[in-house]
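Descriptive structure summary
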Amino acid sequence: MTDSTANAMWGGRFAAGPDAIMEAINASIGFDKRLAKQDIEGSRAHAAMLAATGILSDSDAAAIREGLLTVLSEIDGGTFQFSTALEDIHMNVEARLKEVIGDPAGRLHTGRSRNDQVATDFKLWVRDQIDAAVTGIEALMRALLVQAEQGADWVMPGFTHLQVAQPVTWGHHMMAYVEMLARDRSRFIDARARMNESPLGAAALAGTSFPIDRQMTTEALGFDRPAANSLDAVSDRDFALDYLAAASICAMHLSRFAEELVIWSSAQFRFVRLSDRFSTGSSIMPQKKNPDAAELIRAKIGRIFGANVALMTVMKGLPLAYSKDMQEDKEQVFDAADNLMLALAAMEGMVRDMTANRDKLEAAAGAGFSTATDLADWLVRVLGLPFREAHHVTGSLVALAEQAGIDLPDLNLAQMHSVHPGITDDIFAVLGVHNSVASRISYGGTAPEQVRAQVARWKELLA
Ligand code: ARG
């Protein structure tokens, strides 16, 4: 005998409804309602295919397809009543469809299972997020190009070990992030190409005996081909992991840049001024302007990479095919995607608004003996010294300047001669930071002409 509280979708086998705790742990509707659009899109494609193959009558399929649009408009309009007892988005939609169109609703699930259904829905959702991430990355790249073009010849210190190393240009530094983001973008594009196979029609795990047309649903949903193994199709979550891996690396890059902005906007550096629109104040210290957006972007990698680890851990021990563990795939991906998009948008806004402090950058570029390498190179080029000896001579000159409390260009010729008698007046030309950066004309180097060439290349690629 069937209990009246037993589940409407599978109650036939059950004598009692679930315990409240069972319902609470089992339900995913609280979060998978975000898949409503994809679920309805997938169901509409499935219904059209069932009619085209003669599995369903045209009139039933038409009623289903029309009814699903009604359900979607209720969800979009906020009038849909989600039910935890109906567990997930798939059963919520189907139950409502039954209320809207009556009996034909019961035929929609022919030749399909929630296993291929959820794999399809989630894939469509992740695919949309990949497209959004690519768009967000490109917007940030464009913002960086504006900064790079404007400051192609502004000099600033280049660091290694966060110690002043050699002068570089502002544009060059901005373009480094353009390259990083370009790789992030290509990772998302790769992931999209790899994932774009349709799970729909894999049914529960073994395929179906109904004469379905998988090619038709594949095309309707914008997939490249149907997934070739039904067991794999319902149990694969690689696509979400590929997304999270790409998102993690992108968030890591954003975090590095955010860290630089935090450092650069400090009173000790003053390399950039962040706009009021992307800063906050302190409730107690009136002078403060805090780079909160940068700090939060720096932190976002924590939850995004956390999602990557979480899903990898959920998947690692699962036997084929579907296991309910896989319901734990979604929340973290949703959260990661929301936060990646937020981080990209905030970074874009910050980059668009920020002002480089050109004078401060230039002053800092010359400090810390940053042109010592130029001096050594001059000794090699003009005096014909072996580089190792030139390195040694330069080191002695740096020590001399340090003792005197001055920078390299402030040493006079007599002081230079005390270290090496062959040095001539010409050396002072290479000790200036502008000459230094202008000389670094090797491909990909920091010279303004190289930076401008890269800006032009990327502008064209992004056009
Ligand atoms: N809510 C489930 C999920 O997110 C849908 C698939 C349920 N399939 C099943 N055989 N119980 O994974």
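Throughout this document, residue positions are counted from 1 along each chain, in the order its sequence is written. In view of the model being predicted, local features appear only for residues whose pLDDT reaches at least 70, and side-chain atom pairs are presented and counted only at 80 or more, with totals across whole chains, interfaces and linings using the full set of residues. To obtain the side-chain values, all non-hydrogen atoms of the structure were used and water was disregarded.

**Details of the pattern of salt bridges**
Where charged atoms of side chains with opposite charge meet at close range, the side chains can pair. For clarity, the threshold we go by: A pairing counts as a salt bridge when a side-chain nitrogen of Lys or Arg comes within 4 Å of a carboxyl oxygen of Asp or Glu. Runs of H or I in DSSP of at least four residues are treated as helices and runs of E of at least two as strands, each being numbered from the N terminus.
Per the counting criterion, the structure on display carries 24 salt bridges. Note that E74 is salt-bridged to R96, the shortest N-O span being 2.7 Å. Note that E74 is positioned in helix α4 (residues 58–77) and R96 in helix α5 (residues 89–101), a separation of 22 residues in sequence. Within this structure, E87, D88, R114 and K324 form a network of salt bridges that share partners.

**Quick look at the packing of helix α6 (residues 114–150) against helix α7 (residues 170–195)**
This is how the line gets drawn: Axis definition: a line fitted to C-alpha atoms, over the contacting stretch in the case of helices. Angles run 0 to 180 degrees between N-to-C directions. When describing relative orientation, an angle under 35 degrees is termed roughly parallel and one over 145 degrees roughly antiparallel, while 65 to 115 degrees is termed roughly perpendicular and anything else oblique. Throughout, a crossing is termed right-handed when the near helix is turned clockwise from the far one, and left-handed when it is turned anticlockwise from it by less than a right angle. Only Asp, Glu, Lys and Arg are considered charged in this grouping, and only Ala, Val, Leu, Ile, Met, Phe, Trp, Tyr, Cys and Pro are considered nonpolar; every other residue, Gly among them, is considered polar.
It is the contact of α6 with α7, at a shortest axis distance of 9 Å, that shows an interaxial angle of 165°. Accordingly, the angle class assigned to the pair α6 and α7 is roughly antiparallel. Relative to α7, the crossing made by α6 is left-handed. Residue classes in the contact of α6 with α7 are distributed as 21 nonpolar, two polar and seven charged.

**Structural notes on the site of the ligand**
Selection criterion: Being near a molecule or strand, for a residue, comes down to having at least one heavy atom within 4 Å of it. In protein, a polar contact means a hydrogen-donor-capable atom and an acceptor-capable atom, both N or O and within 3.5 Å, with residues adjacent in sequence counting only if both atoms are side-chain atoms; elsewhere, any N or O pair within 3.5 Å suffices. Values of accessible area rely on a 1.4 Å probe in the Shrake-Rupley scheme; residue burial ignores everything except the protein chains shown.
Around the ligand lies a shell formed by S28, D32, D88, H90, R114, N115, V118, Y322, Q327 and K330. Within the side chain of Y322, an N or O atom sits 2.5 Å from an oxygen atom of the ligand. If the ligand stood free it would expose 340 Å²; the protein chains cover 86% of that surface. Among the elements that line the shell around the ligand, the one with the most residues is α6, at three residues. In terms of residue class, the shell around the ligand is built from two nonpolar, four polar and four charged.

**Some words on the nonpolar core**
To keep it simple, the criterion reads: Joining through side-chain atoms within 4.5 Å is the link that ties buried Ala, Val, Leu, Ile, Met, Phe, Trp, Tyr and Cys residues into a set, and such a set is a nonpolar core. Three labels apply to residues, based on accessible area from a 1.4 Å probe with only protein chains included: buried if under 20% of the type maximum, exposed if over 50%, partly exposed otherwise in between. It only takes one pair of heavy atoms within 4.5 Å for two residues to be counted as in contact.
Counting 99 residues, the largest nonpolar core has F188, W264 and L340 as its most contacted members. With 16 residues, helix α10 (residues 238–264) is the largest single contributor of residues to this core. Sequence-distant contacts of W264, defined by excluding residues within four places in its chain, comprise M156, W170, H173, M174, F257, F269, R270, F271 and V272. Membership of the second largest hydrophobic core comes to 19 residues, among which are A372, L379, V393 and M416.

**Some thoughts on the side chain of S279**
Within the secondary structure layout, S279 lies in the loop between β5 (272–273) and α11 (292–315). A distance of 2.8 Å separates the side chain of S279 from the backbone oxygen of S275, its partner in a polar contact. Ignoring sequence-local partners within four residues, the contact set of S279 consists of L274, K289 and N290.

**Observations regarding the environment of H417**
In this structure, H417 sits in helix α16 (residues 413–417). Considered as a pair, H417 and L72 are 345 residues apart in the sequence and their alpha carbons are 83 Å apart.

**Overview of the pairing of strand β2 (residues 163–169)**
The two faces of the sheet receive side chains in turn, since in a regular strand these alternate between them. The condition that has to hold: Paired strands, as defined in this entry, are two strands with at least two bridges between them according to DSSP.
Direction of pairing for strand β1 (residues 155–160) relative to β2: antiparallel, over a ladder of six bridges. Among the inter-strand pairings, T160 is bridged to a residue of β2, identified as Q163. Adjacent in sequence and paired antiparallel, β1 and β2 are bridged by two residues, among which H161 carries a positive phi angle near 55°.

**As for unusual backbone geometry**
Across the junction of L320 and A321, the peptide omega takes the value 0°, indicating a cis bond. In this structure, A321 sits in the loop between α11 and α12 (330–353). Backbone geometry at E87 places phi at a positive 65°, although glycine is not the residue there. By secondary structure assignment, the location of E87 is in the loop between α4 and α5. Here the phi dihedral of A203 falls at roughly 55°; this positive angle occurs in a residue that is not glycine. Relative to the helices and strands, A203 is located in the loop between β3 (197–198) and α8 (214–220). Relative accessible area serves as the criterion here: at 6%, A203 is assigned to the buried category.

**With respect to helix α19 (residues 448–462)**
What counts here: Here a helix's expected span is defined as the number of its residues, less one, multiplied by 1.5 Å. Here, the arc refers to the directions that run from the helix axis to the C-beta atoms.
Between its first and last C-alpha atoms α19 spans 21 Å; for 15 residues at 1.5 Å apiece the expected length is 21 Å, and the two agree. Taken as a whole, α19 has its buried residues at P448, Q450, V451, Q454, V455, W458 and L462. The buried residues of α19 occupy one face: seen down the axis, they fall within an arc of 155°. Among the exposed residues of α19, those oriented more than 90 degrees off its buried face are E449 and E460. If you follow the buried residues of α19, they end up packed against α6, β2, α7 and α18 (433–439).

**Here's the deal with the environment of D374**
Following the sequence through the fold, D374 ends up in helix α14 (residues 372–383). In contact with D374, not counting residues within four places along its chain, are V430, S436, S439 and R440.

**A look at the packing of aromatic side chains**
Put simply, the rule is: Aromatic contacts are taken between Phe, Tyr and Trp rings whose centres are within 6.5 Å, Trp giving its six-membered ring; a plane angle under 30 degrees counts as stacked, one over 60 as edge-to-face, and the others as tilted.
Under the definition given, this model contains 10 aromatic pairs. Plain terms: the ring middles of W170 and W264 are 5.6 Å apart, the flat faces sit at 45° to each other, and that makes the pair tilted. Here W170 is found in helix α7, whereas its partner W264 is found in helix α10, with 94 residues between them in sequence. The class for W264 is buried, based on a relative accessible area of 3%. A centroid spacing of 6.4 Å and a plane angle of 45° characterise the contact between W264 and F271, whose relative ring orientation is tilted.

**Overview of a nonpolar patch on the surface**
What counts is decided by this rule: To count toward a patch, a residue needs a relative accessible area over 30% and no salt bridge; like charges are then connected within 9 Å, while nonpolar side chains (Val, Leu, Ile, Met, Phe, Trp, Tyr) are connected within 5 Å.
A contiguous nonpolar patch, built from M9, W10 and F14 and spanning about 250 Å² of accessible area, is present on the exposed surface. On the accessibility criterion, F14 (38% relative accessible area) is partly exposed.

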